[in-house]
Amino acid sequence: MLIVLLFTASYPNGEQTFLDLEVKKLAIEFDKVILVPKNPSGRWSPIAAGVEVDETYASFLRSSSLVFAMLKSIFSVLFWQDLLRNQMIWAKPSAIMRLLRYVSSAYLTRTWIHRFFARTGYQKSECVFYTYWFDSASMGGCLAKEDFPELTVVSRAHGYDLYEDRYPVHYLPCRSQALERIDSIFPDSRAGVRYLQDRFPKYASKIKEALLGVTETGFITLPSEDKVFRIVSCAIIRPVKRMELLVEAIAKAAKKRPQQNFEWHHFGEGKVKDAREKLQTLADVFFPSNAVAYLPGYPGQDTLFQYYKDNPVDVFVNISESEGTPVSIMEAISCGIPIVATNVGGNSEIVSEENGILLKKNPTPDEIASAFFQLIDDLTLSYEKRKGSLRIWQEQYNADKNFKEFAHQLASIIRK
């Protein structure tokens, strides 16, 4: 019997965009798929037949005293090992607290794994512990391997769980300790693979690319034909996404081209209260009369695709200061939409001259506006980039192909 335990943040309550199809592919390759969400509260999305959800991990974390676990962690080898390796955090209490929370959560995860095997009686050699995010759950699985060497532990890695330069003092806890113990780690971009291999060359052979993807839509989004240039973006509203910069760029473009109308549609909620409302107000204040902003929130992937089917879109924009490989761009290119994006993370792998315009890491509003003008002024160029988006989706980000191959790869690890 082949069993995969997939540790998620909240799926099947959240993360549907990423995981729905992948879980179906895992269910084909494995005899049993067990979802292990850290926070399963809320309404679950439908899951594939034969897939189980184990809520005992979330219950165990909730019922455990974090303060007591952190006090125990202060005396652990893992805590002191990382503290001594990363002396730059000694003067940063927030970083030390992040390490303590990480280590305590990792040890709690190891304890839960022990209880899981005692409760189920499953053979360790038949199980893959797969964490969707390279976080403390990954480290907990790695710690369990010390007790159960035959256990297989793998993880994906994306953005916040991968790039240390997103954090103060450029630090994420226990990177080398986790990489030393883990069987394989799968960044979702070639940039992520290079990043980890450059920082941890000793473990380069464990670091392997595993691209994400979206399913075929069966349609192509049309361009505008009414002299309106329609811009779409889709992201959580938070500083790393630089939404205020996009507002400034659209305002700049509209002021430079007073005879051209602009519409901006942003799909996404904020991490903090009223973030969407504040962004709407900012756009209303800064946009001239020939530009308008619509911020309806995030309606879900199915509704987003319906929007792309029913409405013209002239460009999809991502000007983040840091990225993995955005699923939002995969969604857009699967509909044949040209892209304007910053050259960060995996963006350069999904955006090129073939399907869009790649901006420098820190573009000015004028440079973003200039990218819009290229697409406005050259309809043939825009048309060619639409065809390019579809080609790149088919060749690299076809979810059916990518997730099937990844599920087979995971099952092959145990079979070997």
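Anything mentioned here points back to the structure above.
Treat the numbers as computed from the prediction; the structure is a model and nothing was measured. (Residues numbered from 1 in each chain as written. Predicted model: local features only at pLDDT ≥ 70, side-chain atom pairs only at ≥ 80, totals over all residues. Heavy atoms only, no water.)

Here we look at the environment of isoleucine 333
Part 1 of the argument: Here isoleucine 333 lies in helix α12 (residues 327-334).
Part 2 of the argument: Given a relative accessible area of 0%, isoleucine 333 falls into the buried group.
Part 3 of the argument: With 112 residues separating them in the primary sequence, isoleucine 333 and threonine 221 have C-alpha atoms 9.6 Å apart.
Part 4 of the argument: Sequence-distant contacts of isoleucine 333, that is, excluding residues within four places in its chain, are made with Ile339, Ile350, Asn355, Ser389, Leu390, Ile392, Trp393 and Tyr397. (Helix = DSSP H or I, 4+ residues; strand = E, 2+ residues; numbered from the N terminus. Buried < 20%, exposed > 50% of the residue type's maximum accessible area, 1.4 Å probe, protein only. Contact = heavy atoms within 4.5 Å.)

What about the packing of helix α9 (residues 243-256) against helix α10 (residues 275-286)?
Part 1 of the argument: Between α9 and α10, the least distance of the axes is 10 Å, while the angle of their chain directions is 20°. Here α10 runs roughly parallel to α9, going by the angle between their axes. You can see that α9 and α10 cross each other, and the crossing is right-handed. For the pair α9 and α10, the contacting residues are Met243, Glu244, Val247, Ala251 and Lys255 in the first and Leu279, Leu282, Ala283 and Phe286 in the second.
Part 2 of the argument: By residue class, the composition of the contact of α9 with α10 is seven nonpolar, no polar and two charged. (Axes fitted to C-alpha atoms, helices over the stretch in contact; angles between N-to-C directions. Parallel < 35°, antiparallel > 145°, perpendicular 65-115°, else oblique. Left-handed = near helix turned anticlockwise from the far one by under 90°. Nonpolar A, V, L, I, M, F, W, Y, C, P; charged D, E, K, R; others polar.)

Here we look at the pairing of strand β1 (residues 3-8)
Part 1 of the argument: Summarising burial for β1: six of the six residues are buried, a large majority.
Part 2 of the argument: Residues Ile3, Leu5 and Phe7 point to one face of β1 and Val4, Leu6 and Thr8 to the other, with burial holding for every one of them.
Part 3 of the argument: Relative to strand β2 (residues 32-37), β1 runs parallel, the two sharing six bridges. Of the residues in β2, the one forming a bridge with valine 4 is valine 33.
Part 4 of the argument: Two strands pair when backbone bridges link them, and β1 and strand β4 (residues 127-131) are joined in this way by five bridges, in the parallel orientation. When the sheet's bridge partners are listed, isoleucine 3 is paired in β4 with cysteine 127. (Pairing = 2+ DSSP bridges.)

These figures come from the coordinates and say nothing about function on their own.
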